[in-house]
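Chain by chain, the residues run as shown.
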Amino acid sequence: MASEEASLRALETLMTEFFHCCTTNERKREIEELLNNFAQQIGAWRYCLYFLSNTRNEYVMMYSLTVFENLVNKMWLGVPSQDKMDMRSCLPKLLLAQHKALPFFIRNKLCKVIVDIGRQDWPMFYHDFFSNTLQLIQTPAMAPLGLVLLKTTSEELACPREDLSVARKDELRKLLLEQVPTVLSLLTDILESIWDKHSVGGATPPPSPTHGDCGELLGSLLGGPPSSKVLSQPVPQLDSESLQLCSLVLECLAHLFSWIPLSTSITPSLLATVFHFARFGCDLRPSTVAGAHPKSKGSLTYSASNGDGAHPAAQLNGGSAPNTDSADCARLGVLAMTCVNELMSKNCVPLDFEEYLLRMFQQTFFLLQRLTRDNNAHTVRSRLEELDESYVEKFTDFLRLFVSIHLRRIETNAQFPVVEFLELLFKYTFHQPSHEGYFCCLDIWTIFLDYLTTKIKSRLADRESVLNRYKDALVLLLREVLHRIQFRYSQAQLEELDDEALDDDQQTEWQRYLRQSLEVVAKVMELLPSHAFSTLFPVLQENLDVYLGLQQFIVTSGAVRRLNITAENDCRRLHCALRDLSSLLQAVGRLAEYFIGDVFAARFNDALTVVERLVEVTCYGSQVSLYDVETAVPSVLKPDLIDVHAQSLAALQAYCHWLAQFYSELHRQSQTRFVNIVTSAMDASAPLIGAKVPEKLLLSACHLMVSVATTVRPVFLVTVPAVQNIFNLVTDSSTRRLPPEAQVLVCRALSSMLLLPWPNLPESEQQWNTRSVNHSSLLAALTRHYRQLRGTTNVQQLRAELRQTLRILRDIVDSVSGESTKSRQICYQSLQESVQVSLSLFPVFIHQSDVTDEMLSFFLALFQGLRVQMGVPFTEQIIQTFLNMFTREQLAASILQEGSAGSRVVEKFLKILQVVVQEPGQAFKPFLPSIISLCMEQVYPIVAERSSPDVKAEMFELLYQVLHHNWRFFFKASVLSSVQRGGAEEPMENEAQFVAAMQAFGQSFLEPDIHVFKQNLLYLESLNSKHKLYHKKLFRSSMLFQFINVLLQVLVHRSHELLQDEIALAVYNMASVDFDAFYSAFLPEFLNGCQGVDGNQRGVLGRNFKMERDLPSFTQSVHRLVNDLRYYRLCNGSLPPGTVKL
């Protein structure tokens, strides 16, 4: 033993040195190499066994177990059978002898190594592996250790990684499923015996705080007094040992439930017992055990098989366990609810399990009642605050799973009181102690409302009876959600919400809160429109009265206007009223969609009331200019006043679709009302369109004007004096310019008034000639300076104005791209000179990426919207100019500026070419060779050498559009001639370009960019479905097997794991062209070319690939081939040289 002892001492020294803070990285690499070499030696495991038995150094233990783990998982095939037998014998003995003395993470690692051996050898060579675990569980002193082994077995055998063949994975799952009834029975017995042992025996239980408040609801939930009597008893007080044992059992159950199917193995007694333990979360009492502290939020820790974060009580190290406290007891509740949620998350429920589900729901709702009961000592909110956060989260998860997956199953069951459940959910929602908890509960209500809406739409006959059943709950929900967004009722909670930092969705915490709340309000509105409106509108009116009454408090002294409200309390009340008004205006705007369409006439009066009120408020805001008034608390009240004004404009904008329907269904008597509404809306917007107005207000006014011009389109809009003023403002070059975004919006609105057809009028009354003249004048004024740039060389100082003009012109083109031919003709006539100027300036700015980017965006909009109006000759001139300017050097310079304006310029250029190649006529066909050449000879060589994901994506889309829309450029024959020719192959042209394009697609599958890979795979599949790409002779003879080979290699290397289903489908579609050739030629050739496997293994792989021709069987065989090939390579790569494989 001298050598083993010496090796141990040397190893301890090395490990201590390795983890010492002063050891250099170079020395660490030397030690690492030394340790790896030692581990590779045949028989090194015997030394490691000695080390484990004779050291207290944790680093040494961990290293020794890693050697065992590597040996078992990677080299087991080459280990002599006697050595395997010795390990199967020695390691469990070591665990039994030392488990109390070992640190918990070492013990867990040792358990995993033993389970890994079982994973390889059970039951053939390690027949007592599982029975030993069950025996440990049944031995009281060893039960915790047995449970750790059982959980590890469930983790490693039921859901194994790729280091097993598919056949072995299937065998293990089958073996485990056979053991499930025994295991569940054992675990149930442990939980029941501990519960019974610590419960109050036989005697009548003392009155508990919950005993008297079960009432009728509990009876209806549980269908009888015996259940309620058991559930009403107080939870037992567990000692630390029992508590730890129950935790381990529940952890095992949670993992088992994650993979075993729902079946009668999950007995009623097991479910009942799990629910007993779930009560530890909601019956938590500070005095559970002496020395316990009342609340320990977020203190949960979970023991895992690798030892991370294990609970101290689970260490089994022989030391005395700490006193259990409320957090330990709450942990039992969390684990029990985890078990419940694992069962709840299964959507596929066998018919014979539905009764069990009902029982689960009944018992959970008993817990929900306990959580939400209210008595003098505790409000519901304070009770929820005292519970462990994780328990409340788990309970909310349960409710979400129930409503989203199982409500439809259980709702019609007479034993399930769904309305009473909604009452409990209501209390639970609106007493949540945290905003995040409240958000989650609102999500549950949203799911329920969606379910109810779908149900009502599909059952028109008994719509009213279904609605009446839930009406009271919906009314309460609406009222409470509206209260929750108002500072008047919930100021303390709402002030906590952050309204500055933006999240990933670019919204603040307050905006998210309001949006989610308004979604619930909108969904209730859809179900109960008249009630929702009558609830919301009076609240809005009340706050509007405060806002409209502010004018009387404005005091003017000289040029300064001041709001004469200074008392702190008054300012606070005003702040709350303004914030609430802003929220309620958003709510009213959100409901606009429920007044249009089929219900327009029925709800006309309500909508008219809202719109006229909104017009009144917006006009008032603009006339009084409250945004410009000085206040006592400017940092608070000024933003409030601006926000209310902006929200009133936005709410009015939301009703533009209603105004459009009002306009189209106009009755003679309503004309005056409609004209007044539109005129007043313009009167409210126009004064705000100026350079000195706060941007938030300015943009709201601009958006309202755009919506009226594009959605409502009144004939008289251009003649409204306020609109005339805006025309003068924008076309007068002497006035101060608006901010860029506002200027673009205003120009879009003015252009749309002149270009878009008026509704309800015949073509002869559209006044196109007058409008055309006016539009030309507008564009001439907007582009006055821009058109003067033609022929100038010194334009650098005008770059900013040039870019802004291009933005305006692009936006105007975009706004008419989907409109009538006449609108687009007028637009192009007005733009014609500016387009020619832009083309002449293009060469001047070719090296200025920011300007070129704007120019190409403008030309892209022209090609997408006005290419017919531009005509073929001028379009050809533009394309030729671009092709001449974008030399290989220019492209390379632009693409090298990855992610910058230069890169975007090339993307826009490629997008323009995409539009060109999609044109159906023959006009642009002569450009195809140049475009393909640009793609394959200029762009592709540059992007092939670097990532350039954006440019690559556009280039491949261009290639796809070339192939898809110009298939006859390559394959001349028509469908008719193909049929007449029968089996003869059709002639092909431009073969070299076609082959080059296919090679580029193939090459992209060897690169790491998953987005380009997915896009190109979809393109190939599309070309096959539309043009039978895979069936073409050239593709079949020289490319088909290459593509299948590349895609299979991608699966084997797992480089694009997220796309494995899409890849398998593409392989099937390619193979299905000629299954006989695939099975007889490709598959043997593919297997022969596979490195890292021997002849026997290739034979097994080939035999396991079933010669099926349906998609599910084929893809199953593909995934099996990939898994087993990786497994064989893993095993073979880890074997010592000269190993004989059988």
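Residues numbered from 1 in each chain as written. Predicted model: local features only at pLDDT ≥ 70, side-chain atom pairs only at ≥ 80, totals over all residues. Heavy atoms only, no water.

**Observations regarding the state of the cysteines**
- Following the criterion strictly, the structure yields zero disulfides and no others.
- Here Cys 440 stays unpaired: no disulfide links it, and the sulfur of Cys 441, its closest cysteine neighbor, is 6.9 Å away. (Disulfide = S-S within 2.5 Å.)

**Remarks on the side chain of His 1027**
- Turning to its location among the elements, His 1027 is positioned in helix 44 (residues 1010-1027).
- When sequence neighbours within four positions are dropped, the list of residues in contact with His 1027 reads His 964, Trp 967 and Lys 1032. (Helix = DSSP H or I, 4+ residues; strand = E, 2+ residues; numbered from the N terminus. Contact = heavy atoms within 4.5 Å.)

**Examining helix 23 (residues 529-548)**
- In this model, helix 23 (20 residues) spans 27 Å end to end at C-alpha, consistent with the 28 Å of a helix rising 1.5 Å per residue.
- Listed in full, the buried residues belonging to helix 23 are Pro 529, Ala 532, Phe 533, Thr 535, Leu 536, Phe 537, Val 539, Leu 540, Asn 543, Leu 544, Tyr 547 and Leu 548.
- Elements in contact with the buried residues of helix 23: helix 20 (463-484), helix 22 (509-527), helix 24 (568-590), helix 25 (604-624) and helix 26 (634-654). (Expected span 1.5 Å × (residues − 1). Buried < 20%, exposed > 50% of the residue type's maximum accessible area, 1.4 Å probe, protein only.)

**Brief notes about a negative patch on the surface**
- A cluster of acidic residues, Glu 496, Asp 498, Asp 499, Glu 500 and Glu 509, forms a negative patch on the protein surface.
- Tracing the backbone shows Glu 509 in helix 22. (Patch = residues over 30% accessible without salt bridge, like charges linked within 9 Å, V, L, I, M, F, W, Y side chains within 5 Å. Areas by Shrake-Rupley, 256 points an atom, 1.4 Å probe, with all protein chains shown as cover. Salt bridge = Lys/Arg side-chain N within 4 Å of Asp/Glu carboxyl O. Lys, Arg positive; Asp, Glu negative; His and termini not counted. Charge placed at Lys NZ, Arg CZ, Asp CG, Glu CD.)

**Notes on the confidence of the model for the protein chain**
- For the protein chain, per-residue confidence averages 85 on the pLDDT scale, and residues scoring 70 or more make up 89% of the total.
- Element-level mean pLDDT values for the protein chain span from 40 in helix 10 (residues 215-222) up to 96 in helix 29 (residues 695-712).
- Across residues 202-229 the pLDDT falls below 50, and counting only partners more than four positions away or on other chains, this stretch makes 35 contacts in the model. (pLDDT = per-residue confidence, 0-100.)

**Quick word on the pattern of salt bridges**
- Enumeration according to the criterion identifies 50 salt bridges in this entry.
- Linking Lys 112 and Glu 69 is a salt bridge whose minimum nitrogen-to-oxygen distance equals 2.9 Å. Highlighted residues: Lys 112 in helix 6 (residues 104-121) and Glu 69 in helix 4 (residues 58-74), separated in sequence by 43 residues.

**Notes on the pairing of strand 2 (residues 560-563)**
- Strand direction decides the pairing type here: strand 1 (residues 554-557) and strand 2, joined by four bridges, are antiparallel. Bridging across to strand 2, Val 555 finds its partner in Arg 562.
- Two successive antiparallel strands, strand 1 and strand 2, enclose a turn made up of two residues, where Gly 558 displays a positive phi of approximately 70°. (Pairing = 2+ DSSP bridges.)

**Quick notes on the environment of Leu 528**
- By the element assignment, Leu 528 lies in the loop between helix 22 and helix 23.
- Relative accessible area serves as the criterion here: at 9%, Leu 528 is assigned to the buried category.
- Residues Leu 528 and Leu 467, spaced 61 residues apart in sequence, show a C-alpha to C-alpha distance of 8.4 Å.
- Setting aside residues no more than four positions away along its own chain, Leu 528 makes contact with Leu 467, Lys 471, Leu 474 and Val 475.

**So, the packing of aromatic side chains**
- Evaluation of the coordinates by the stated rule reveals 74 aromatic pairs.
- Arranged with centres 5.2 Å apart and planes meeting at 70°, the rings of Phe 604 and Phe 662 form a pair that is edge-to-face. Here Phe 662 lies in helix 27 (residues 656-664) and Phe 604 lies in helix 25, a separation of 58 residues in the sequence. Each member of the pair, Phe 604 together with Phe 662, is buried.
- Taken together, a centroid distance of 5.7 Å and an interplanar angle of 45° make the contact between Tyr 1127 and Tyr 1128 tilted.
- Residue Tyr 1128 is classed as buried on the basis of its relative accessible area of 13%.
- Put simply, the rings of Phe 1041, Tyr 1068, Phe 1075, Phe 1078, Tyr 1079, Phe 1082, Phe 1086, Phe 1105 and Phe 1114 touch in pairs and so form one group of aromatic residues.
- In this arrangement the basic side chain of Arg 579 is found over the ring face of Trp 510, its NZ or CZ atom lying 5.0 Å from the centre. (Phe/Tyr/Trp six-rings, centres within 6.5 Å; stacked < 30°, edge-to-face > 60°. Lys NZ or Arg CZ within 6 Å of the ring centre and 35° of its normal.)

**Considerations on the packing of helix 34 (residues 799-816) against helix 36 (residues 849-870)**
- The contact between helix 34 and helix 36 brings their axes to 9 Å, and the two run at 15°. For the element pair helix 34 / helix 36, the angle class is roughly parallel. As helix 34 packs across helix 36, the resulting crossing turns out to be left-handed. Contacts between helix 34 and helix 36 involve Arg 799, Leu 802, Arg 803, Leu 806, Arg 807, Leu 809, Arg 810, Val 813, Asp 814 and Val 816 from the former and Asp 850, Val 851, Glu 854, Met 855, Ser 857, Phe 858, Ala 861, Leu 862 and Leu 866 from the latter.
- Residue classes in the contact of helix 34 with helix 36 are distributed as 11 nonpolar, one polar and seven charged. (Axes fitted to C-alpha atoms, helices over the stretch in contact; angles between N-to-C directions. Parallel < 35°, antiparallel > 145°, perpendicular 65-115°, else oblique. Left-handed = near helix turned anticlockwise from the far one by under 90°. Nonpolar A, V, L, I, M, F, W, Y, C, P; charged D, E, K, R; others polar.)

**Here's the deal with unusual backbone geometry**
- At the junction of Trp 122 and Pro 123, the peptide bond is cis and its omega measures out at 0° in the coordinates.
- Backbone geometry at Asn 760 places phi at a positive 65°, although glycine is not the residue there.
- As for its position among the elements, Asn 760 is in the loop between helix 31 (740-755) and helix 32 (768-782).
- Look at Asn 990: it is not a glycine, yet its phi comes out positive at around 50°.
- Relative to the assigned elements, Asn 990 resides in the loop between helix 42 (975-981) and helix 43 (991-1004).

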